[in-house]
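# A structural walkthrough
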Amino acid sequence: MSEKIPIELKIKDGVPGISKEQISGHYEVLYKGYCKKINEITTKLKTTDIEGANATYHPFRELKREEVFTTNATRLHEGYFDSLGGDGEIEGKIEDWIAEDFGSFESWKKEFAALGMSARGWVVLAYDFTDGRLHSYLSDIHSDGVWSAAPLLVLDVYEHAYFTDYGTGRKSYIEAYFKNIDWSEVNQKIERYGLQKVREAA
Ligand code: FE
């Protein structure tokens, strides 16, 4: 695996309802911390002896376990930061797909907000390659996830994502999140991953 370089943050100044201070701590300390750790894990794996690998304790096993946790931590945070910076107005292909797969934008939003109140870590709107449909998935920890799905929109509901701005007011944070979704970014991901073709073939 090549060296992990942190992504550029497009919402450096924060967004309405989620402050610069809140975003900056999240990005500089937590996200960059994960990037540093995945590089440390990758380097250690190069010289770790796989002899005697077993499922109770072995340095190789522990590193591979944390590789999944830490890789997902970087990917999910990138998805989260990418999801913000827009005006929350849904448009383009994703608008049609959400209506087709969830009945309406409002019903999708209602469920996604409820998932935001239910999850201990993440809520992910993902395109599942297996059935060719969108799903809103809940994840309690970075290493929980569905292996056949590409994340399109990510919501971080760990307290560190909103505590500076909202204290324990998660509901208000989720409302602010919806107002700042960058749906053009979601449409770009649909393009980049070639999902239109995948959907037609499903
Ligand atoms: Fe986070």
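Definitions and cut-offs
- Residues numbered from 1 in each chain as written.
- Predicted model: local features only at pLDDT ≥ 70, side-chain atom pairs only at ≥ 80, totals over all residues.
- Heavy atoms only, no water.
- Phe/Tyr/Trp six-rings, centres within 6.5 Å; stacked < 30°, edge-to-face > 60°.
- Helix = DSSP H or I, 4+ residues; strand = E, 2+ residues; numbered from the N terminus.
- Buried < 20%, exposed > 50% of the residue type's maximum accessible area, 1.4 Å probe, protein only.
- Salt bridge = Lys/Arg side-chain N within 4 Å of Asp/Glu carboxyl O.
- Pairing = 2+ DSSP bridges.
- Axes fitted to C-alpha atoms, helices over the stretch in contact; angles between N-to-C directions.
- Donors = N, O, S within 2.8 Å, 3.2 Å for Na, K, Ca; no water.
- Tetrahedral: all angles 85-135°; square planar, octahedral: opposite > 155°, others 65-115°.
- Arc of directions from axis to C-beta.
- Contact = heavy atoms within 4.5 Å.
- Polar contact = N/O pair within 3.5 Å; in protein donor to acceptor, adjacent residues only side chain to side chain.
- Left-handed = near helix turned anticlockwise from the far one by under 90°.
- Nonpolar A, V, L, I, M, F, W, Y, C, P; charged D, E, K, R; others polar.

### A short note on the packing of aromatic side chains
Across all of its chains, the model carries 17 aromatic pairs by this definition. Look at F105 and W108: their rings are 5.6 Å apart centre to centre, the planes differ by 35°, and that puts the pair in the tilted class. A residue pair is termed a helical-turn pair when its members lie 3 or 4 positions apart in one helix, as F105 and W108 do in helix α4 (residues 105-118) at 3 residues. Judged by its relative accessible area of 23%, F105 falls in the partly exposed class.

### What to know about the pattern of salt bridges
Taken as a whole and assessed by the stated rule, the structure comprises 20 salt bridges. The shortest N-O distance in the salt bridge between K4 and E78 comes to 2.6 Å. Separated by 74 residues along the polypeptide, K4 in the segment before α1 (20-47) and E78 in helix α2 (residues 59-83) bring together distant segments of the chain. A salt bridge links K44 to E40, with the shortest nitrogen-to-oxygen separation between them at 3.4 Å. Of this pair, K44 and E40 are both found in helix α1, 4 residues apart, which corresponds to roughly one turn of the helix. Judged by its relative accessible area of 34%, E40 is partly exposed. Connected through shared salt-bridge partners, K10, D82, D182, E185, K189 and R192 make up one network.

### Observations regarding the sheet that holds strand β2 (residues 133-139)
Pairing within the open sheet is antiparallel, and its 3 strands lie in the order β2-β1-β3. The sheet is open, and its two borders are formed by β2 and β3 (149-156), each paired with just one other strand. Adjacent strand axes in the sheet meet at a mean angle of 25° when their direction is disregarded. Relative to β3, strand β1 (residues 122-128) runs antiparallel, the two sharing 7 bridges. Among the inter-strand pairings, Y127 is bridged to a residue of β3, identified as A150.

### Considering the coordination of the iron ion
Summarising the metal site, the iron ion is bound by the protein donors H26 (NE2), H77 (NE2), D156 (OD) and H160 (NE2), whose distances to it range over 2.0 to 2.2 Å. Geometry at the iron ion is irregular, judged from the 4 donor atoms that bind it and their angles of 88 to 140° at the metal. Spacing between the donor residues of the iron ion along their common chain follows H-x50-H-x78-D-x3-H. For H160, a relative accessible area of 27% gives the class partly exposed.

### Some points on helix α3 (residues 92-102)
I94, W97, I98, D101 and F102 are the residues of α3 that are buried. Taken down its axis, α3 places every buried residue within 105° of arc, on the same side.

### A short note on the environment of E78
Accessibility expressed as a relative area gives 12% for E78, which makes it buried. Sequence-wise, E78 and P6 are 72 residues apart; in three dimensions their C-alpha atoms are separated by 8.7 Å. Each residue touching E78, except ones within four places of it in the same chain, is listed here: K4, I7 and Y31. Polar contacts involving the side chain of E78 include one to the side chain of Y31, which spans 2.5 Å.

### A closer look at the packing of α1 against α2
Relative orientation of the contacting elements α1 and α2 amounts to 145°, with a least axis distance of 9 Å. Considering how the two elements wind past one another, α1 and α2 form a crossing that is left-handed. Taken together, the residues that form the contact of α1 with α2 break down as 13 nonpolar, 5 polar and 6 charged.

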